[in-house]
Amino acid sequence: MQKINEKCGFVAVLGAPNAGKSTLTNALVGEHVSIVSSKVQTTRFPVQGIYIGKEKEQVVLVDTPGMFDAKKDSFDDLMVKSAVTAKDDADLIILVVDAARARGRKPSIGSDAGLAALSEAEIDIWLVFNKIDLLSKEDLLKLSADWNDTYEFGRTYFISAAKNQGVDDLKQDMANIMPEGPWLFPEDDITDLPIRLYAAERTREAAFERLHKELPYNLAVVTEDLEHKDDIIIIKQVIFIKQDKHKAIILGKGGQTIKAIGSIARRALENDLGKKIHLELFVKEKKNWDTDRDLLASWRLSE
Ligand SMILES: Nc1nc2c(ncn2[C@@H]2O[C@H](COP(=O)(O)OP(=O)(O)OP(=O)(O)O)[C@@H](O)[C@H]2O)c(=O)[nH]1
Ligand SMILES: [Mg+2]
(Lines give C-alpha, C1' and ligand atoms only; values in the text may rest on other atoms or scores of the structure.)
(Ligands and ions follow the chains in the order given, each with its own letter.)
Protein backbone atom coordinates (compact mmCIF):
# COMPACT_ATOMS: atom_id res chain seq x y z
CA MET A 1 0.00 0.00 0.00
CA GLN A 2 1.26 3.49 -0.80
CA LYS A 3 2.50 5.39 2.21
CA ILE A 4 1.11 8.89 2.59
CA ASN A 5 3.15 11.48 0.72
CA GLU A 6 5.59 8.95 -0.70
CA LYS A 7 7.35 10.51 -3.70
CA CYS A 8 9.05 8.86 -6.64
CA GLY A 9 9.86 9.86 -10.20
CA PHE A 10 12.11 9.55 -13.23
CA VAL A 11 14.72 11.99 -14.49
CA ALA A 12 16.04 11.42 -18.02
CA VAL A 13 19.70 12.44 -18.31
CA LEU A 14 20.19 13.48 -21.93
CA GLY A 15 22.94 15.18 -23.90
CA ALA A 16 25.63 14.85 -26.53
CA PRO A 17 28.20 12.04 -26.32
CA ASN A 18 30.95 12.66 -23.73
CA ALA A 19 29.06 15.50 -21.97
CA GLY A 20 29.51 13.74 -18.62
CA LYS A 21 26.04 12.19 -18.21
CA SER A 22 27.33 8.97 -16.68
CA THR A 23 29.80 10.79 -14.43
CA LEU A 24 26.92 12.95 -13.20
CA THR A 25 24.64 9.94 -12.68
CA ASN A 26 27.35 8.31 -10.56
CA ALA A 27 27.97 11.52 -8.61
CA LEU A 28 24.24 11.83 -7.84
CA VAL A 29 23.91 8.20 -6.79
CA GLY A 30 27.20 8.30 -4.91
CA GLU A 31 28.28 4.98 -6.45
CA HIS A 32 29.67 3.88 -9.79
CA VAL A 33 26.55 2.54 -11.51
CA SER A 34 27.24 3.58 -15.10
CA ILE A 35 30.53 3.23 -16.94
CA VAL A 36 32.62 6.26 -17.87
CA SER A 37 35.44 6.83 -20.33
CA SER A 38 37.22 9.66 -22.06
CA LYS A 39 35.91 8.36 -25.40
CA VAL A 40 32.57 9.23 -26.99
CA GLN A 41 29.68 6.74 -27.11
CA THR A 42 30.64 4.86 -23.98
CA THR A 43 27.09 4.31 -22.72
CA ARG A 44 25.19 1.99 -25.07
CA PHE A 45 21.82 1.59 -23.37
CA PRO A 46 19.85 3.38 -20.67
CA VAL A 47 21.09 2.63 -17.15
CA GLN A 48 19.04 3.57 -14.14
CA GLY A 49 20.73 5.04 -11.09
CA ILE A 50 18.68 5.53 -7.95
CA TYR A 51 19.02 7.89 -5.00
CA ILE A 52 16.88 9.03 -2.11
CA GLY A 53 16.42 12.74 -1.37
CA LYS A 54 16.40 14.39 2.05
CA GLU A 55 12.63 14.05 2.40
CA LYS A 56 12.74 10.43 1.29
CA GLU A 57 11.95 11.14 -2.36
CA GLN A 58 13.08 8.28 -4.58
CA VAL A 59 14.69 9.62 -7.74
CA VAL A 60 15.29 7.23 -10.63
CA LEU A 61 17.86 8.73 -12.99
CA VAL A 62 17.95 7.31 -16.47
CA ASP A 63 21.46 7.73 -17.83
CA THR A 64 21.33 7.46 -21.61
CA PRO A 65 23.63 7.04 -24.62
CA GLY A 66 24.78 10.35 -26.07
CA MET A 67 22.57 11.76 -28.80
CA PHE A 68 24.07 12.30 -32.24
CA ASP A 69 22.92 11.80 -35.81
CA ALA A 70 23.51 8.12 -36.33
CA LYS A 71 23.21 6.18 -39.58
CA LYS A 72 19.67 4.90 -39.99
CA ASP A 73 19.06 1.34 -38.74
CA SER A 74 22.59 1.01 -37.36
CA PHE A 75 23.48 -0.09 -33.81
CA ASP A 76 24.31 3.58 -33.11
CA ASP A 77 20.80 4.47 -34.22
CA LEU A 78 19.35 1.98 -31.71
CA MET A 79 21.46 3.57 -29.01
CA VAL A 80 20.29 7.08 -29.82
CA LYS A 81 16.67 5.95 -30.08
CA SER A 82 16.89 4.40 -26.61
CA ALA A 83 17.96 7.81 -25.29
CA VAL A 84 15.13 9.58 -27.06
CA THR A 85 12.61 7.04 -25.71
CA ALA A 86 13.89 7.47 -22.16
CA LYS A 87 12.29 10.90 -22.03
CA ASP A 88 8.81 9.43 -22.56
CA ASP A 89 8.41 8.16 -19.01
CA ALA A 90 10.32 10.99 -17.39
CA ASP A 91 9.01 13.59 -14.95
CA LEU A 92 11.96 15.83 -15.73
CA ILE A 93 14.69 16.01 -18.37
CA ILE A 94 18.12 17.31 -17.63
CA LEU A 95 20.18 18.28 -20.63
CA VAL A 96 23.87 17.90 -19.81
CA VAL A 97 26.17 20.15 -21.84
CA ASP A 98 29.96 19.99 -21.84
CA ALA A 99 30.58 23.67 -21.13
CA ALA A 100 34.20 23.51 -22.28
CA ARG A 101 33.13 22.12 -25.62
CA ALA A 102 30.22 24.53 -25.97
CA ARG A 103 32.35 27.64 -25.35
CA GLY A 104 32.62 29.84 -28.42
CA ARG A 105 30.10 27.76 -30.38
CA LYS A 106 26.52 28.39 -31.34
CA PRO A 107 24.15 26.63 -28.89
CA SER A 108 23.41 23.26 -30.42
CA ILE A 109 22.35 19.85 -29.21
CA GLY A 110 24.44 18.51 -32.10
CA SER A 111 21.76 16.10 -33.21
CA ASP A 112 18.51 16.44 -35.13
CA ALA A 113 17.06 13.47 -33.24
CA GLY A 114 18.05 15.11 -29.96
CA LEU A 115 16.59 18.44 -30.87
CA ALA A 116 13.33 16.85 -32.02
CA ALA A 117 13.14 14.83 -28.80
CA LEU A 118 13.60 17.89 -26.66
CA SER A 119 11.19 20.07 -28.57
CA GLU A 120 8.53 17.34 -28.46
CA ALA A 121 8.87 16.85 -24.72
CA GLU A 122 5.99 18.17 -22.71
CA ILE A 123 7.87 18.24 -19.44
CA ASP A 124 10.32 20.65 -17.91
CA ILE A 125 13.92 20.61 -19.18
CA TRP A 126 16.74 21.82 -16.96
CA LEU A 127 20.01 22.89 -18.53
CA VAL A 128 23.08 21.54 -16.75
CA PHE A 129 26.45 22.95 -17.79
CA ASN A 130 29.07 20.39 -16.78
CA LYS A 131 32.89 20.54 -16.62
CA ILE A 132 32.85 24.07 -15.19
CA ASP A 133 36.29 23.35 -13.73
CA LEU A 134 37.61 23.95 -17.25
CA LEU A 135 36.41 27.51 -17.84
CA SER A 136 35.98 30.95 -16.33
CA LYS A 137 32.89 32.43 -14.72
CA GLU A 138 32.61 35.02 -17.51
CA ASP A 139 32.60 32.29 -20.16
CA LEU A 140 29.92 30.44 -18.22
CA LEU A 141 27.65 33.46 -17.91
CA LYS A 142 27.96 34.13 -21.62
CA LEU A 143 27.19 30.49 -22.42
CA SER A 144 24.17 30.51 -20.17
CA ALA A 145 22.82 33.69 -21.81
CA ASP A 146 23.35 32.28 -25.32
CA TRP A 147 21.68 28.96 -24.57
CA ASN A 148 18.75 30.46 -22.70
CA ASP A 149 18.18 32.89 -25.58
CA THR A 150 18.07 29.98 -28.05
CA TYR A 151 16.07 27.33 -26.17
CA GLU A 152 13.64 27.30 -23.29
CA PHE A 153 14.80 25.77 -20.03
CA GLY A 154 13.12 25.65 -16.63
CA ARG A 155 16.39 26.19 -14.76
CA THR A 156 20.11 26.39 -15.40
CA TYR A 157 22.85 24.75 -13.31
CA PHE A 158 26.63 24.97 -13.38
CA ILE A 159 28.39 21.89 -12.13
CA SER A 160 31.48 19.77 -12.26
CA ALA A 161 30.36 16.17 -12.01
CA ALA A 162 33.94 14.92 -11.84
CA LYS A 163 34.82 17.30 -8.99
CA ASN A 164 31.44 17.01 -7.31
CA GLN A 165 30.79 20.76 -7.50
CA GLY A 166 27.22 22.01 -7.61
CA VAL A 167 25.90 18.45 -7.64
CA ASP A 168 24.22 18.55 -4.21
CA ASP A 169 21.97 21.49 -5.10
CA LEU A 170 20.86 19.85 -8.33
CA LYS A 171 20.33 16.59 -6.44
CA GLN A 172 17.94 18.04 -3.89
CA ASP A 173 16.17 20.32 -6.38
CA MET A 174 15.34 17.29 -8.52
CA ALA A 175 14.15 15.34 -5.47
CA ASN A 176 11.90 18.25 -4.47
CA ILE A 177 9.89 18.14 -7.68
CA MET A 178 9.30 14.38 -7.77
CA PRO A 179 5.59 13.55 -7.98
CA GLU A 180 3.70 11.68 -5.31
CA GLY A 181 3.73 7.96 -5.90
CA PRO A 182 5.02 4.73 -4.41
CA TRP A 183 8.71 3.90 -4.49
CA LEU A 184 9.63 1.64 -7.37
CA PHE A 185 12.74 0.14 -5.79
CA PRO A 186 13.76 -1.04 -2.32
CA GLU A 187 15.61 1.62 -0.32
CA ASP A 188 19.10 0.15 -0.81
CA ASP A 189 18.91 -0.37 -4.58
CA ILE A 190 21.21 1.89 -6.56
CA THR A 191 20.64 0.56 -10.08
CA ASP A 192 18.32 -1.57 -12.17
CA LEU A 193 21.25 -3.38 -13.80
CA PRO A 194 21.42 -7.09 -13.04
CA ILE A 195 24.85 -8.09 -11.69
CA ARG A 196 25.84 -10.06 -14.82
CA LEU A 197 25.19 -7.08 -17.05
CA TYR A 198 26.90 -4.73 -14.61
CA ALA A 199 29.98 -6.99 -14.51
CA ALA A 200 30.08 -7.06 -18.33
CA GLU A 201 29.90 -3.26 -18.38
CA ARG A 202 32.88 -3.00 -16.03
CA THR A 203 34.93 -5.10 -18.44
CA ARG A 204 33.78 -2.96 -21.37
CA GLU A 205 34.82 0.11 -19.40
CA ALA A 206 38.29 -1.39 -18.92
CA ALA A 207 38.40 -2.19 -22.65
CA PHE A 208 37.50 1.43 -23.47
CA GLU A 209 40.39 2.54 -21.29
CA ARG A 210 42.98 0.16 -22.74
CA LEU A 211 41.99 -0.05 -26.42
CA HIS A 212 41.91 2.66 -29.02
CA LYS A 213 40.58 3.76 -32.40
CA GLU A 214 37.64 1.67 -33.61
CA LEU A 215 38.37 -1.31 -31.37
CA PRO A 216 36.23 -0.39 -28.33
CA TYR A 217 33.30 0.18 -30.68
CA ASN A 218 33.71 -3.18 -32.35
CA LEU A 219 33.50 -5.27 -29.23
CA ALA A 220 30.80 -6.41 -26.88
CA VAL A 221 31.09 -8.15 -23.52
CA VAL A 222 28.78 -10.85 -22.25
CA THR A 223 28.84 -12.58 -18.86
CA GLU A 224 28.39 -16.27 -19.58
CA ASP A 225 28.66 -17.51 -16.04
CA LEU A 226 28.63 -15.99 -12.57
CA GLU A 227 28.90 -18.20 -9.54
CA HIS A 228 29.23 -17.46 -5.83
CA LYS A 229 31.68 -19.88 -4.23
CA ASP A 230 32.41 -19.31 -0.54
CA ASP A 231 33.65 -15.73 -0.41
CA ILE A 232 34.58 -15.52 -4.05
CA ILE A 233 32.55 -14.66 -7.13
CA ILE A 234 33.72 -16.53 -10.20
CA ILE A 235 32.84 -14.70 -13.41
CA LYS A 236 33.35 -15.95 -16.95
CA GLN A 237 32.92 -13.44 -19.75
CA VAL A 238 33.30 -13.42 -23.50
CA ILE A 239 34.53 -10.42 -25.44
CA PHE A 240 32.90 -10.64 -28.86
CA ILE A 241 34.77 -9.01 -31.72
CA LYS A 242 33.54 -8.39 -35.22
CA GLN A 243 36.77 -9.20 -37.01
CA ASP A 244 39.21 -11.96 -36.20
CA LYS A 245 42.14 -9.62 -36.93
CA HIS A 246 41.30 -7.71 -33.75
CA LYS A 247 41.94 -10.74 -31.59
CA ALA A 248 45.72 -10.30 -31.60
CA ILE A 249 45.39 -6.64 -30.53
CA ILE A 250 43.00 -7.42 -27.69
CA LEU A 251 45.19 -10.25 -26.45
CA GLY A 252 48.37 -8.19 -26.81
CA LYS A 253 51.94 -9.49 -26.64
CA GLY A 254 51.96 -12.60 -24.50
CA GLY A 255 48.35 -11.86 -23.47
CA GLN A 256 49.40 -8.61 -21.79
CA THR A 257 46.50 -6.44 -22.96
CA ILE A 258 43.68 -8.79 -22.06
CA LYS A 259 45.36 -9.42 -18.71
CA ALA A 260 45.42 -5.68 -18.05
CA ILE A 261 41.76 -5.32 -19.06
CA GLY A 262 40.85 -8.23 -16.79
CA SER A 263 42.72 -6.86 -13.82
CA ILE A 264 41.23 -3.34 -14.15
CA ALA A 265 37.73 -4.84 -14.32
CA ARG A 266 38.41 -7.30 -11.49
CA ARG A 267 39.68 -4.60 -9.15
CA ALA A 268 36.72 -2.37 -9.97
CA LEU A 269 34.25 -5.19 -9.32
CA GLU A 270 35.95 -6.15 -6.05
CA ASN A 271 35.59 -2.55 -4.96
CA ASP A 272 31.94 -2.37 -6.08
CA LEU A 273 30.82 -5.67 -4.62
CA GLY A 274 33.12 -5.93 -1.59
CA LYS A 275 34.01 -9.52 -2.51
CA LYS A 276 36.97 -11.27 -4.02
CA ILE A 277 36.46 -11.78 -7.74
CA HIS A 278 37.92 -14.35 -10.07
CA LEU A 279 37.43 -13.05 -13.61
CA GLU A 280 38.09 -15.14 -16.72
CA LEU A 281 37.94 -13.47 -20.13
CA PHE A 282 37.72 -15.16 -23.52
CA VAL A 283 37.78 -13.51 -26.93
CA LYS A 284 35.53 -14.84 -29.69
CA GLU A 285 34.62 -13.65 -33.16
CA LYS A 286 30.94 -12.87 -33.68
CA LYS A 287 30.62 -10.76 -36.80
CA ASN A 288 27.07 -9.55 -36.28
CA TRP A 289 26.80 -9.18 -32.53
CA ASP A 290 25.30 -5.76 -33.07
CA THR A 291 22.26 -7.18 -34.85
CA ASP A 292 21.89 -10.32 -32.71
CA ARG A 293 18.36 -10.22 -31.31
CA ASP A 294 19.16 -11.98 -28.05
CA LEU A 295 22.14 -9.75 -27.35
CA LEU A 296 20.20 -6.59 -28.17
CA ALA A 297 17.39 -7.76 -25.89
CA SER A 298 19.87 -8.44 -23.08
CA TRP A 299 20.90 -4.78 -23.34
CA ARG A 300 17.26 -3.74 -23.46
CA LEU A 301 17.74 -2.43 -26.99
CA SER A 302 15.13 -3.68 -29.38
CA GLU A 303 14.83 -3.10 -33.08
N1 LIG B 1 37.16 18.14 -16.49
C2 LIG B 1 36.03 17.45 -16.31
N3 LIG B 1 35.85 16.29 -16.94
C4 LIG B 1 34.68 15.63 -16.74
C5 LIG B 1 33.67 16.14 -15.89
N6 LIG B 1 32.63 15.28 -15.93
C7 LIG B 1 32.99 14.27 -16.75
N8 LIG B 1 34.22 14.47 -17.24
C9 LIG B 1 34.98 13.60 -18.17
O10 LIG B 1 34.31 13.57 -19.41
C11 LIG B 1 34.50 12.31 -20.05
C12 LIG B 1 33.17 11.73 -20.47
O13 LIG B 1 32.43 11.41 -19.31
P14 LIG B 1 31.18 10.42 -19.34
O15 LIG B 1 30.50 10.52 -18.04
O16 LIG B 1 31.59 9.06 -19.83
O17 LIG B 1 30.32 11.13 -20.48
P18 LIG B 1 28.91 10.65 -21.10
O19 LIG B 1 28.12 11.86 -21.38
O20 LIG B 1 28.28 9.62 -20.23
O21 LIG B 1 29.41 10.00 -22.48
P22 LIG B 1 28.66 8.92 -23.43
O23 LIG B 1 28.19 7.79 -22.59
O24 LIG B 1 29.74 8.52 -24.36
O25 LIG B 1 27.56 9.66 -24.11
C26 LIG B 1 35.27 11.44 -19.04
O27 LIG B 1 36.64 11.47 -19.36
C28 LIG B 1 34.99 12.15 -17.72
O29 LIG B 1 36.01 11.93 -16.76
C30 LIG B 1 33.91 17.38 -15.21
O31 LIG B 1 33.11 17.89 -14.43
N32 LIG B 1 35.10 17.99 -15.47
MG1 LIG C 1 27.72 7.71 -20.62
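**A closer look at the nonpolar core**
Then, in step 1: Counting 55 residues, the largest nonpolar core has V11, L95 and V128 as the members making the most contacts within it.
Then, in step 2: Discounting residues that sit within four places of it in the chain, V11 has contacts with V59, L61, V62, A90, D91, L92, I94 and M174.
Then, in step 3: The next biggest cluster of nonpolar side chains, apart from the first, holds 24 residues, and it includes V221, I258, A265 and L281.

**Re the packing of helix α7 (residues 195-210) against helix α9 (residues 256-273)**
Then, in step 1: At a minimum axis distance of 8 Å, the contact between α7 and α9 shows a crossing angle of 130°. Of the possible angle classes, the one that applies to α7 and α9 is oblique. Here α7 runs over α9; the crossing is right-handed. Between α7 and α9, the residues in contact are A199, R202, T203, A206, A207, E209 and R210 and T257, A260, I261, I264, A265, A268 and L269, respectively.
Then, in step 2: Among the residues making up the contact of α7 with α9, the classes are represented as nine nonpolar, two polar and three charged.

**Quick notes on the sheet that holds strand β8 (residues 232-241)**
Then, in step 1: A sheet is described by the order of its strands in space; here three strands give the open sequence β7-β8-β9, paired in mixed fashion. Of all the strands in the sheet, just β7 (219-229) and β9 (276-285) have a single pairing partner and so form its edges. Ignoring which end each strand starts from, the neighbouring axes of this sheet average 20° apart.
Then, in step 2: For β8 and β9, the ladder comprises ten bridges, and the chain directions are parallel. Each residue of the ladder has a partner; that of I235, found in β9, is L279.
Then, in step 3: Sitting on the sheet, α7 touches β7, β8 and β9, and the angle it makes with β7 is about 130°.

**Describing the domain arrangement of the chain**
Then, in step 1: By domain assignment, the chain separates into domain 1 (7-176) and domain 2 (195-298).
Then, in step 2: Look at where the C-alpha atoms of domain 1 and domain 2 centre, and you get two points 27 Å apart.
Then, in step 3: Between domain 1 and domain 2, the residue contacts involve seven residues of the former and ten residues of the latter.
Then, in step 4: Considering only residue class, the side of domain 1 that touches domain 2 consists of two nonpolar, four polar and one charged.

**Digging into helix α6 (residues 167-176)**
Then, in step 1: Listed in full, the buried residues belonging to α6 are V167, L170, K171, M174 and A175. The buried side chains of α6 occupy one side of the element, clustering within an arc of 130° when seen end-on. When the buried face of α6 is taken as reference, the exposed residues oriented beyond 90 degrees from it are D168 and D169.

**Structural notes on the site of ligand 1**
Then, in step 1: Near ligand 1, the surroundings consist of 25 residues, among which G20, S22, T43, G66 and A162 are the closest.
Then, in step 2: Sorting elements by how many residues they give to the shell around ligand 1 places helix α1 (residues 21-29) first, with three residues.
Then, in step 3: Its residues placed into classes, the shell around ligand 1 shows eight nonpolar, 13 polar and four charged.

**Some remarks on the sheet that holds strand β6 (residues 155-158)**
Then, in step 1: Pairing is mixed in the open sheet, where six strands are placed in the order β2-β3-β1-β4-β5-β6. Two strands close off the open sheet at either side, each with one partner strand: β2 (47-52) and β6. Between one strand axis and the next, the sheet turns through 25° on average, direction left out of account.
Then, in step 2: In this structure, β2 lies alongside strand β3 (residues 57-63), joined through six bridges in antiparallel fashion. Of the residues in β3, the one forming a bridge with Y51 is V59.
Then, in step 3: Against the sheet, α1 engages β1 (7-15), β2, β3, β4 (92-98) and β5 (125-130), with an angle of about 30° to β2.

Calculation criteria
- Residues numbered from 1 in each chain as written.
- Chains lettered and ligands numbered in written order.
- Predicted model: local features only at pLDDT ≥ 70, side-chain atom pairs only at ≥ 80, totals over all residues.
- Core = buried A, V, L, I, M, F, W, Y, C linked by C-beta atoms within 7 Å.
- Buried ≥ 20, exposed ≤ 12 C-beta atoms within 10 Å, placed from the backbone.
- Contact = placed C-beta atoms within 7 Å.
- Axes fitted to C-alpha atoms, helices over the stretch in contact; angles between N-to-C directions.
- Helix = DSSP H or I, 4+ residues; strand = E, 2+ residues; numbered from the N terminus.
- Parallel < 35°, antiparallel > 145°, perpendicular 65-115°, else oblique.
- Left-handed = near helix turned anticlockwise from the far one by under 90°.
- Nonpolar A, V, L, I, M, F, W, Y, C, P; charged D, E, K, R; others polar.
- Pairing = 2+ DSSP bridges.
- Domains from an automatic or database assignment.
- Arc of directions from axis to C-beta.
- Near = placed C-beta within 6 Å.

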